[in-house]
Amino acid sequence: MSIFQIKQKTSGAVLWTGSAHDEKTALDAMARDAGYPDFASLPDQLRARGIEASKLDLIS
């Protein structure tokens, strides 16, 4: 698993950070934490503002 950070493109606000297998599962996990069944269930107005998922490559 990798660590992903999901941000709103227009404001740069971090919406979610956590572990997931890939970008799709990260987006679904963010939506579930917000009370929705999955990313596709988010209201269109939220998705239209632009959401990006970035894989964080942390090196210790």
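Our structure's up above, just so we're on the same page.
Residues numbered from 1 in each chain as written. Predicted model: local features only at pLDDT ≥ 70, side-chain atom pairs only at ≥ 80, totals over all residues. Heavy atoms only, no water.

Peer 1: Help me understand the sheet that holds strand E3 (residues 51-56), please; the structure alone is not making it clear to me.
Peer 2: Pairing between sheet strands relies on hydrogen bonds along the backbone, with the strands arranged either parallel or antiparallel. With antiparallel pairing, 3 strands are arranged side by side in an open sheet as E2-E1-E3. Only two strands of the sheet have a single neighbouring strand rather than two, namely strand E2 (14-20) and E3. Neighbouring strand axes in the sheet, compared pairwise and without regard to direction, differ in orientation by 20 degrees on average. Against the sheet, helix H1 (residues 23-33) touches strand E1 (2-8), E2 and E3, its axis set at about 125 degrees to E2. (Pairing = 2+ DSSP bridges. Helix = DSSP H or I, 4+ residues; strand = E, 2+ residues; numbered from the N terminus. Axes fitted to C-alpha atoms, helices over the stretch in contact; angles between N-to-C directions. Contact = heavy atoms within 4.5 Å.)

Peer 1: Before we go on, may I ask you to explain the environment of glutamate 23 in this structure?
Peer 2: Structurally, the position occupied by glutamate 23 is in helix H1. Glutamate 23 sits 21 residues away from serine 2 along the chain, and the two C-alpha atoms are 9.4 Å apart. Not counting residues up to four positions away in its chain, the partners in contact with glutamate 23 are Phe4 and Ala53.

Peer 1: Explain the nonpolar core here, please?
Peer 2: Soluble globular proteins tend to bury their nonpolar side chains together. Within the largest apolar cluster, 12 residues are counted, these being Phe4, Ile6, Trp16, Ala20, Ala26, Leu27, Ala29, Met30, Ala31, Leu42, Ile51 and Ala53. Secondary structure elements with two or more residues in this core: E1, E2, H1 and E3. Looking at this core element by element, the count peaks at 5 residues for H1. When sequence neighbours within four positions are dropped, the list of residues in contact with alanine 31 reads Tyr36, Asp38, Phe39 and Leu42. (Core = buried A, V, L, I, M, F, W, Y, C linked by side-chain atoms within 4.5 Å. Buried < 20%, exposed > 50% of the residue type's maximum accessible area, 1.4 Å probe, protein only.)

Peer 1: I would appreciate a short explanation of the pairing of E2 in the present structure.
Peer 2: The side chains of a regular strand alternate between the sheet's two faces. Relative to E2, E1 runs antiparallel, the two sharing 6 bridges. Bridge pairing links glutamine 5 to threonine 17 in E2.

Everything listed is a geometric property; what it means functionally is a separate question.
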